[in-house]
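These are the residues of each chain, in order.
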Amino acid sequence: MLTTRPVAYLTRRHTEAVEAAFAEHFEVSVNVGDVPRTQSELVRALDHCDVLVPIVGDPCDEALFHHAPCRTTLIANVGVGVNHIDLSAAARAGIAVTNTPDVLTDDTADIAIALMLMAARRLGEGERLVRSNGWHGIAPTHHLGRTLRGRTLGIIGYGRIGRAVAARARAFGLRVQWVGRTGGSAMPDREMAESLETLLATSDVISLHAPATPETHHLISAARLAAMKPGSILVNTARGTLVDERALAESLRSGHLFAAGLDVYEHEPKITPALQGLENVVLLPHLGSATVETRTAMGLRALENALQWFSGRPPQDRMI
Ligand code: DGY
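Residue numbers restart at each chain and count upward from 1, following the sequence in its written direction. For this predicted model, a pLDDT threshold of at least 70 governs which residues receive local features, and a threshold of 80 or more governs which side-chain atom pairs are given and counted, while totals over whole chains, interfaces and linings are taken from all residues. The basis for every side-chain value is the complete set of non-hydrogen atoms in the structure, without hydrogens or water.

### Description of helix H5 (residues 123–131)
Residues separated by three or four positions in an α-helix point in the same direction, a consequence of the helix having 3.6 residues per turn.
For step 1, the next point in the chain: Those residues of H5 that sit buried are Gly124, Glu125 and Gly126.
For step 2, the next point in the chain: Here, two residues are considered to be in contact whenever any of their heavy atoms come within 4.5 Å of each other. Secondary structure elements are taken from DSSP: a helix is a run of H or I of four residues or more, a strand is a run of E of two residues or more, and numbering for both begins at the N terminus. Looking at the buried residues of H5, the elements they touch are helix H4 (105–121).
For step 3, the next point in the chain: Of the residues one or two after H5, asparagine 133 is the one with positive phi, at around 60 degrees. Relative accessibility under 20% of the residue-type maximum defines a buried residue, over 50% an exposed one, and the middle range a partly exposed one, all with a 1.4 Å probe and only protein chains included.

### Overview of the sheet that holds strand E6 (residues 152–156)
For step 1, the next point in the chain: Only strands joined by at least two bridges in the DSSP assignment are considered to pair. Taken together, the six strands give an open sheet; going across it, the order is E7-E6-E8-E9-E10-E11, and neighbouring strands pair in parallel fashion. Among the strands making up the open sheet, the edge pair consists of strand E7 (175–179) and strand E11 (281–283). With strand direction ignored, the average angle separating the axes of adjacent strands in the sheet is 15 degrees.
For step 2, the next point in the chain: In this sheet, E11 lies alongside strand E10 (residues 257–262) in parallel orientation, the contact comprising three bridges. Fitted lines through C-alpha atoms serve as axes, helices being fitted only where they are in contact, and the angles separating the N-to-C directions of these axes extend from 0 to 180 degrees.

### Thoughts on the site of the ligand
For step 1, the next point in the chain: Residues in contact with the ligand, as listed here, are Gly79, Val80, Gly81, Leu104, Arg239, His286, Ser289, Arg295 and Met298.
For step 2, the next point in the chain: Glycine 81 has a polar backbone atom sitting 2.9 Å from an oxygen atom of the ligand.
For step 3, the next point in the chain: Any N or O atom pair separated by 3.5 Å or less is treated as a polar contact, with the protein-specific requirement of one donor-capable and one acceptor-capable atom, and with residues adjacent in sequence counted only for side-chain atom pairs. One of the side-chain N or O atoms of histidine 286 is found 2.7 Å from an oxygen atom in the ligand.
For step 4, the next point in the chain: Coverage of the ligand by the protein amounts to 88% of the 240 Å² it exposes when considered alone.
For step 5, the next point in the chain: Three categories are distinguished: nonpolar for Ala, Val, Leu, Ile, Met, Phe, Trp, Tyr, Cys and Pro, charged for Asp, Glu, Lys and Arg, and polar for the others, with Gly belonging to the last. Residue classes in the shell around the ligand are distributed as three nonpolar, four polar and two charged. In this text, near means that some heavy atom of the residue lies within 4 Å of the molecule or strand in question. Each accessible area is a Shrake-Rupley estimate made with a 1.4 Å probe; only the visible protein chains count as cover when residues are assessed.

### Regarding the packing of helix H1 (residues 16–25) against helix H11 (residues 292–310)
For step 1, the next point in the chain: Following both chains from N to C, one finds H1 and H11 inclined at 15 degrees, their axes separated by 9 Å at the closest point. Here H1 is positioned roughly parallel relative to H11, judged by the angle of their axes. The handedness of the crossing between H1 and H11 is right-handed. Between H1, through Ala17, Val18, Ala21, Phe22 and His25, and H11, the contact on the second element is made entirely by Arg295, Thr296, Gly299, Leu300, Ala302, Leu303 and Leu307.
For step 2, the next point in the chain: Its residues assigned to classes, the contact of H1 with H11 shows eight nonpolar, three polar and one charged. By definition in this entry, angles of less than 35 degrees are roughly parallel, angles greater than 145 are roughly antiparallel, angles of 65 to 115 are roughly perpendicular, and the rest are oblique. For any helix crossing, the convention is left-handed if the near helix is rotated counterclockwise from the far helix by under a right angle, and right-handed if that rotation is clockwise.

### Quick word on the environment of threonine 38
For step 1, the next point in the chain: Along the chain, threonine 38 falls in the loop between strand E2 (27–30) and helix H2 (39–48).
For step 2, the next point in the chain: Distance from threonine 38 to asparagine 305, taken between C-alpha atoms, is 25 Å for residues 267 residues apart in sequence.

### Focus: the sheet that holds strand E3 (residues 51–53)
For step 1, the next point in the chain: Pairing is parallel across the open sheet formed by five strands, whose spatial order is E2-E1-E3-E4-E5. Strands with a single pairing partner mark the edges of an open sheet, and in this sheet they are E2 and strand E5 (96–98). Direction aside, the axes of adjacent strands within the sheet are offset by 20 degrees on average.
For step 2, the next point in the chain: With three bridges connecting them, strand E4 (residues 74–76) and E5 associate as parallel partners. By the bridge assignment, isoleucine 75 is partnered in E5 with valine 97.
For step 3, the next point in the chain: The strands that H2 touches are strand E1 (7–10) and E3; relative to E1, the one it contacts most, it runs at about 165 degrees.

### Side note on the pairing of E10
For step 1, the next point in the chain: Counting buried positions along E10 yields five of six residues, so the element is predominantly enclosed.
For step 2, the next point in the chain: Direction of pairing for strand E9 (residues 232–236) relative to E10: parallel, over a ladder of five bridges. Bridging across to E10, leucine 234 finds its partner in alanine 260.
For step 3, the next point in the chain: Each parallel crossover has a hand, and for E9 linked through helix H9 (residues 245–254) to E10 it is right-handed. The handedness of a crossover follows from its direction of travel: if, with the strands pointing away from the viewer, the path from the first strand over the helix to the second runs clockwise, the crossover is right-handed.

### Describing the packing of H4 against helix H6 (residues 160–171)
For step 1, the next point in the chain: Two numbers describe how H4 lies on H6: the axes approach to 8 Å, and their chain directions differ by 50 degrees. As far as their axial angle goes, H6 and H4 are oblique. Every pair of crossing elements has a handedness; the one defined by H4 and H6 is right-handed. Contact residues: Thr105, Asp106, Thr108, Ala109, Asp110, Ala112, Ile113 and Met116 in H4; Arg160, Ile161, Ala164, Val165, Arg168 and Ala169 in H6.
For step 2, the next point in the chain: Of the residues that constitute the contact of H4 with H6, the class distribution is eight nonpolar, two polar and four charged.

### Points about the nonpolar core
For step 1, the next point in the chain: The term nonpolar core refers to a set of buried residues drawn from Ala, Val, Leu, Ile, Met, Phe, Trp, Tyr and Cys, joined through side-chain atoms within 4.5 Å. Among the nonpolar cores identified, the biggest contains 43 residues, and Phe22, Val51, Met116, Leu153, Ile155 and Val165 are the most heavily contacted of them.
For step 2, the next point in the chain: Per element, the largest residue contribution to this core is eight residues, and it comes from H4.
For step 3, the next point in the chain: If you look at the next biggest cluster of nonpolar residues, it comprises 29 residues, including Ile156, Ala193, Val243 and Tyr265.

Written out as C-alpha cells, the structure reads:
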C-alpha cells in the first residue's frame, strides 16, 4: 500500500505511549530488538526515513552526513543534550535538529541530589555491605559519612537543571553558589561566585550542569581537582567528557576528594576501570531522566517538534 505519511525512524524502543503517538502520525520504523544501531544502519536510515529520532547513545557525527543529500530533513533528538550530533555537519546536509528541553529538568535535578546524598552518606558502600552479608549490626563509629547540612554547594552551569538543583539543595540546608551564563540578567545575584577558581576552592560539593562542548572538555582537569577543597565531593549528571576520569580516580584514591557521584561517563557506556575499583564513587547508568513520566514526556516533545516541522511550522525546540 502506498502511503503519503512521513516515515519516522526510532533508533530505540520508547514507552508505549510514545510509540503509539508516533504511529498515529507517521509510518514508524521501530527498533524491535532495542540494540544500539550501527553507523551503517543509521546511514541507511537517512535514505529511507523523513525524520530520524535518536537518543544520546546514537553518534550522529560527520561521517553520517557524508552521503547527503538524503531523504531525512529532521533529526528530532529525544534528550536535551545534542553533543552526539554534529550540528554543523547536519546543517550543511540541510537537516534541521531539535531537542527536548524542560521536561527532564526535575527528574535530572532529583538524581543530582540523590548522588550527593549517596556520596556524602556512603550509601552505595552500605548497600554493598548488606548484600554481601558483611554487616553485623549498628555501631556508633561504623560507616560514618558526612552531613550535607550547612555545607556549600558549587554549581557549574546555571541553566534550567542547575537552578532546579539549587532549589532542592537550599531545602536540604546547603548554601548555594554558582558559575555559568547569567542569561543577560542585569540583577546582581548574591549566589554568583566570583570565578570558577573561587567556586572550586570554597565549595564542599561541586555539581556539574554545563553542556559538553570543546570548551568544557575536561573542565574538571587534574589541576582543577587539586584546586577543590580537601574532603569535598564531585557530582556529574551532565556529560562525562566534562571530567578527566583518570585524574578523578586518582583524586578519589588519594583521599583528596571524599567521594564522587557519577551518572555519566567520559567514554560512555565504558567506565574507566580505575573508578570501578573504588568504594568512594557512586556509579549510576545515566538515569537522570529515567522515569516513565519523563521519558514519555521527552518522546512526546520530540513528536511535537516533528509534527510542527512536517506541518510547515517552526519546531519549538529547533537547534539549527
Ligand atoms: C539528555 O537529555 O541529554 C539526557 O542526558 C538523556 O536522557
